[in-house]
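Coordinate analysis (summary)
What follows is each chain in one-letter form.
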Amino acid sequence: TQLLEQSPQFLSIQEGENLTVYCNSSSVFSSLQWYRQEPGEGPVLLVTVVTGGEVKKLKRLTFQFGDARKDSSLHITAAQPGDTGLYLCAGASQSDQTGANNLFFGTGTRLTVIP
Amino acid sequence: DTEVTQTPKHLVMGMTNKKSLKCEQHMGHRAMYWYKQKAKKPPELMFVYSYEKLSINESVPSRFSPECPNSSLLNLHLHALQPEDSALYLCASSQDRGTGLLYEQYFGPGTRLTVT
């Protein structure tokens, strides 16, 4: 089982502040997804990064995949209350035996943006 | 369209009841998943179906019984559950479990299950 550690575990900030969430592992992943989940709802896919060093932007959110494809970061600029939620990273890794992909979830970062 | 639907949204059941959770997707995906999520924790994989065949059972107790009637539907049959089984049950789908670099799962809104 590949472990993905996210930091910080909890983050409470004022509206308009910037923040960065980290997702770290000792394992290499073929791709990495970021999800946002609101209470009582399912995770919503935000982005998938595939190439080492890749940077993707989604409005005020910037996602980066580490050069070695072991880690990733999510940076939010000028956070809004609507950004509040549980952020999950998930790494995809292929089984050596079957070639099938498995998805390994990070430990999660709970973000609260205070108006 | 990246929609996965789940019914019911909420379910309360006694320990002697039999109930079923349903999941549907119309994206032509050939892999479907059941996850269990406890409060403030990431989702935990329970079952994986690939091309309508069960390919992973993560040592889930037999009181949970999955079924994949066709490529669009996934059911989870529940019987004799325990209070500790109360959780958010999530269904997800992906194009397949194959060898492509772009492997993405899309989640449904979940069923909030309470066992009394």
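Further up the page is the structure itself.
Here the focus is the interface of chain A and chain B. Between chain A and chain B, the residue contacts involve 25 residues of the former and 23 residues of the latter. Interface of chain A and chain B: buried area, both sides summed, is about 1900 Å²; carbon and sulfur atoms make up 55% of it. By the criterion of area lost to chain B, the three top residues of chain A are P43, N101 and F105 of chain A, representing 24% of everything that side buries. One can count 1 salt bridge joining chain A with chain B. Note that K9 of chain B and E41 of chain A form a salt bridge whose closest N and O atoms lie 3.0 Å from each other. Where chain A touches chain B, the interface holds 9 residue pairs in polar contact (both at pLDDT 80 or more). Class assignment of the residues belonging to the side of chain A that touches chain B gives a composition of 10 nonpolar, 13 polar and 2 charged.

Residue and element names in this part refer to chain B. Relative to the helices and strands, E3 is located in the segment before β1 (4–7). Sequence separation between E3 and M32 is 29 residues; the distance between their C-alpha atoms is 13 Å. Once residues within four sequence positions are removed from consideration, E3 is found in contact with E24, Q25, H26 and M27.

All names here are of chain B. Read across the sheet, 4 strands follow the order β1-β3-β8-β7 without closing on themselves; strand pairing throughout is antiparallel. Edge strands, defined here as strands with exactly one partner in the open sheet, are β1 and β7 (64–70). Strand-to-strand, the axes of this sheet are offset by a mean angle of 20°, without reference to chain direction. Sheet analysis places strand β3 (residues 18–25) next to strand β8 (residues 73–79), joined by 7 bridges and oriented antiparallel. Counterpart to K18 in the pairing with β8 is H79.

Conventions we followed
- Residues numbered from 1 in each chain as written.
- Chains lettered and ligands numbered in written order.
- Predicted model: local features only at pLDDT ≥ 70, side-chain atom pairs only at ≥ 80, totals over all residues.
- Heavy atoms only, no water.
- Contact = heavy atoms within 4.5 Å.
- Buried area = accessible area lost by both parts, 1.4 Å probe.
- Salt bridge = Lys/Arg side-chain N within 4 Å of Asp/Glu carboxyl O.
- Polar contact = N/O pair within 3.5 Å; in protein donor to acceptor, adjacent residues only side chain to side chain.
- Nonpolar A, V, L, I, M, F, W, Y, C, P; charged D, E, K, R; others polar.
- Helix = DSSP H or I, 4+ residues; strand = E, 2+ residues; numbered from the N terminus.
- Pairing = 2+ DSSP bridges.
- Axes fitted to C-alpha atoms, helices over the stretch in contact; angles between N-to-C directions.

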